[in-house]
Amino acid sequence: SQTIHQWPATLVQPVGSPLSLECTVEGTSNPNLYWYRQAAGRGLQLLFYSVGIGQISSEVPQNLSASRPQDRQFILSSKKLLLSDSGFYLCAWSHPGLQFFGPGTRLTVL
Amino acid sequence: GESVGLHLPTLSVQEGDNSIINCAYSNSASDYFIWYKQESGKGPQFIIDIRSNMDKRQGQRVTVLLNKTVKHLSLQIAATQPGDSAVYFCAERPLGNRDDKIIFGKGTRLHILP
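One structure accompanies this document, and this report is about it. (Residues numbered from 1 in each chain as written. Chains lettered and ligands numbered in written order. Predicted model: local features only at pLDDT ≥ 70, side-chain atom pairs only at ≥ 80, totals over all residues. Heavy atoms only, no water.)

A count of helical and extended segments in chain B gives zero helices and ten strands. Relative to a compact globule of 114 residues, whose C-alpha radius of gyration would be 13 Å, chain B shows 14 Å and is just as compact. Seen along its three principal axes, the alpha-carbon backbone of chain B occupies a region of about 45 × 30 × 20 Å. When burial is assessed residue by residue, chain B has 45% of its 114 residues classed as buried. Residue pairs in contact within chain B that sit at least 24 positions apart in sequence constitute 55% of those at least 6 positions apart. Positive and negative charge centroids in chain B, built from 13 and 11 side chains respectively, lie 3 Å apart. (Helix = DSSP H or I, 4+ residues; strand = E, 2+ residues; numbered from the N terminus. Rg over C-alpha atoms; globule rule 2.2 N^0.38 Å. Buried < 20%, exposed > 50% of the residue type's maximum accessible area, 1.4 Å probe, protein only. Contact = heavy atoms within 4.5 Å. Lys, Arg positive; Asp, Glu negative; His and termini not counted. Charge placed at Lys NZ, Arg CZ, Asp CG, Glu CD.)

And the structure:
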């Protein structure tokens, strides 16, 4: 069966520091991968998606970037965090059809 | 999207009663509709889906109804339990979407009264 992992589970970072969140999927090959952000009490905002290694599409202009160095690995990064980057970050995969979500990373920027 | 900045509406239901969560979708060309359940601090979890050529689908204690005429989707939960307390998101997948992007609704918080 397929599983999706995210780490870290929680992260507290100062403004201006770098960020790296990792997502990996097991039990499938060539999945579509997605990064979402969710503010407290809000809906899901799609940030990036990838249909293959090295292929990244950005949905909204922002302070973040994404990379897919391996088939089942998706990384969300920032060189300098802003206060507004705080939120709950969710990774998801699909192959193809439904999207299945990871457990999320709670990021607090102070 | 529109759902991102909105506060979530809340539905309060007595334990044991049936819950009905409604969703209006926007794209008449969507071929696939999905309901997700998100418990506090966790990622959304798939509950049930329905294709556009169907109008009803049943799962364990849940039923999804699709009315394409008015672009309305609903999730019915029978005999609501405390564990059903969560935020419920509807989602639609536009037809021909190779990248499997889906459009999420604004979500409804289901609160169970003892």
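For the rest of this paragraph, the subject is the pattern of salt bridges. All names here are of chain B. Counted according to the given criterion, the structure contains seven salt bridges over all chains. Note that Asp100 is salt-bridged to Arg93, the shortest N-O span being 3.3 Å. On the basis of relative accessibility, which here comes to 12%, the residue Arg93 falls in the buried class. What emerges from the salt-bridge pattern is a single network uniting Asp31, Arg93 and Asp100. (Salt bridge = Lys/Arg side-chain N within 4 Å of Asp/Glu carboxyl O.)

This part is about the packing of aromatic side chains. Scanning the entire structure with this criterion turns up twelve aromatic pairs over all chains. For the pair Tyr34 of chain A and Tyr36 of chain A, a centre-to-centre distance of 6.5 Å together with 35° between the ring planes defines the contact as tilted. Exposure remark for Tyr36 of chain A: the relative accessible area of 1% places this residue in the buried category. Look at Trp35 of chain A and Phe74 of chain A: their rings are 6.1 Å apart centre to centre, the planes differ by 25°, and that puts the pair in the stacked class. On the criterion of sequence distance, the pair formed by Trp35 of chain A in strand E4 (residues 32–38) and Phe74 of chain A in strand E8 (residues 73–78) is long-range, its members being 39 residues apart. For the residue pair Trp35 of chain A and Phe74 of chain A, the accessibility class agrees, reading buried in each case. Among the aromatic residues, those joined into a ring-pair cluster are Tyr34, Tyr36, Tyr49 and Phe101 of chain A together with Tyr36, Phe89 and Phe104 of chain B. (Phe/Tyr/Trp six-rings, centres within 6.5 Å; stacked < 30°, edge-to-face > 60°.)

As a further point, take the interface of chain A and chain B. Listed per partner, the contact involves 25 residues of chain A and 25 residues of chain B. In this assembly, chain A packs against chain B so that about 1900 Å² is buried in total across both faces, 56% of it on carbon and sulfur atoms. Considering only the surface of chain A that becomes buried against chain B, Arg42, Leu44 and Leu98 of chain A emerge as the three largest contributors, covering 30% of it. Across the pair Glu59 of chain A and Lys101 of chain B runs a salt bridge, and its minimum N-O distance is 3.2 Å. Between chain A and chain B we count six residue pairs in polar contact (both at pLDDT 80 or more) in total. Looking at which element gives the most residues to the side of chain A that touches chain B, the answer is strand E5 (residues 44–52) of chain A, with five residues. Across the side of chain A that touches chain B, the residue classes tally to 13 nonpolar, nine polar and three charged. (Buried area = accessible area lost by both parts, 1.4 Å probe. Polar contact = N/O pair within 3.5 Å; in protein donor to acceptor, adjacent residues only side chain to side chain. Nonpolar A, V, L, I, M, F, W, Y, C, P; charged D, E, K, R; others polar.)

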